[in-house]
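Given next are the chains, with one letter for each unit.
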Amino acid sequence: KASHMMRKMQNCEREHWNIIVAHLGNGASVTAVHEGKSVDTTMGFTPLEGVMMGTRSGSIDPAIVSYVCRRNGVTAEEVTRTLNQLSGLKGV
């Protein structure tokens, strides 16, 4: 929607519209638009994947979960909660 609004404001034809749209807030994502259509995004299977957000870590090495579990004696659920609710800009 943001890309469509910007294209209309710029009076640009769809086939000439290439842009990167960044949604930055407590949630965040970045989308590449080529010729008016989304071709790639930072979003993945869960909200954890992608760029850092207000409380979410963003993309990390998947092996970090088992490493933190072993090193700190916590469960995978506890690590997942930390990555979803206590990380990101809040954790920084």
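What comes next is a walk through the structure. Not measured: the values here are computed from a predicted model.

1. Considerations on a nonpolar patch on the surface
Point 1. A cluster of nonpolar side chains, Met52, Leu89 and Val92, forms an exposed patch at the surface whose accessible area comes to about 340 Å².
Point 2. Mapped onto the elements, Val92 comes out in the segment after α4 (88-91).

2. A closer look at the sheet that holds strand β3 (residues 37-41)
Point 1. With antiparallel pairing, three strands are arranged side by side in an open sheet as β1-β2-β3. On the outer flanks of this sheet lie β1 (19-24) and β3, each paired with one strand and no other. Each neighbouring strand pair of the sheet contributes to a mean axis angle of 30 degrees, computed without reference to strand direction.

3. Thoughts on the side chain of Thr31
Point 1. Mapped onto the elements of the fold, Thr31 is located in strand β2 (residues 28-34).
Point 2. Given a relative accessible area of 15%, Thr31 falls into the buried group.

4. Regarding the packing of helix α2 (residues 63-72) against helix α3 (residues 76-85)
Point 1. It is at 9 Å that the axes of α2 and α3 come closest, and there the two elements cross at 120 degrees. Looking at the two axes, α2 sits oblique to α3. Considering how the two elements wind past one another, α2 and α3 form a crossing that is right-handed. In this structure, α2 contributes Val65, Val68 and Cys69 to the contact, and α3 contributes Ala76, Val79 and Leu83.
Point 2. When the residues that make up the contact of α2 with α3 are grouped by side-chain class, the tally is six nonpolar, no polar and no charged.

5. Looking at the side chain of Ser57
Point 1. Assignment of secondary structure puts Ser57 in the loop between β3 and α2.
Point 2. For Ser57, a relative accessible area of 17% corresponds to the buried category.

6. Topic: unusual backbone geometry
Point 1. Although it is not a glycine, Glu35 adopts a positive phi angle of roughly 55 degrees.
Point 2. Residue position: Glu35 is located in the loop between β2 and β3.
Point 3. By relative accessible area, Glu35 is classed as partly exposed at 40%.

7. Some words on the layout of surface pockets
Over the atoms a probe the size of a water molecule is rolled, and this reveals where empty space is left.
Point 1. In this structure, the largest pocket spans a volume of roughly 170 Å³.
Point 2. Here the lining of the largest pocket takes three residues from α3, the largest share from any one element.

8. Considerations on the environment of Val68
Point 1. Position of Val68 relative to the elements: it lies in helix α2.
Point 2. Not counting residues up to four positions away in its chain, the partners in contact with Val68 are Gly73, Val74 and Val79.

Criteria and cut-off values
- Residues numbered from 1 in each chain as written.
- Predicted model: local features only at pLDDT ≥ 70, side-chain atom pairs only at ≥ 80, totals over all residues.
- Heavy atoms only, no water.
- Patch = residues over 30% accessible without salt bridge, like charges linked within 9 Å, V, L, I, M, F, W, Y side chains within 5 Å.
- Areas by Shrake-Rupley, 256 points an atom, 1.4 Å probe, with all protein chains shown as cover.
- Salt bridge = Lys/Arg side-chain N within 4 Å of Asp/Glu carboxyl O.
- Helix = DSSP H or I, 4+ residues; strand = E, 2+ residues; numbered from the N terminus.
- Pairing = 2+ DSSP bridges.
- Axes fitted to C-alpha atoms, helices over the stretch in contact; angles between N-to-C directions.
- Buried < 20%, exposed > 50% of the residue type's maximum accessible area, 1.4 Å probe, protein only.
- Parallel < 35°, antiparallel > 145°, perpendicular 65-115°, else oblique.
- Left-handed = near helix turned anticlockwise from the far one by under 90°.
- Contact = heavy atoms within 4.5 Å.
- Nonpolar A, V, L, I, M, F, W, Y, C, P; charged D, E, K, R; others polar.
- 1 Å grid on protein atoms, 1.4 Å probe; cavity = no way out; pocket = protein on both sides within 12 Å on 5 of 7 lines; lining within 4 Å.
- Points joined across faces, edges and corners; volume = space filled by probe spheres on them.

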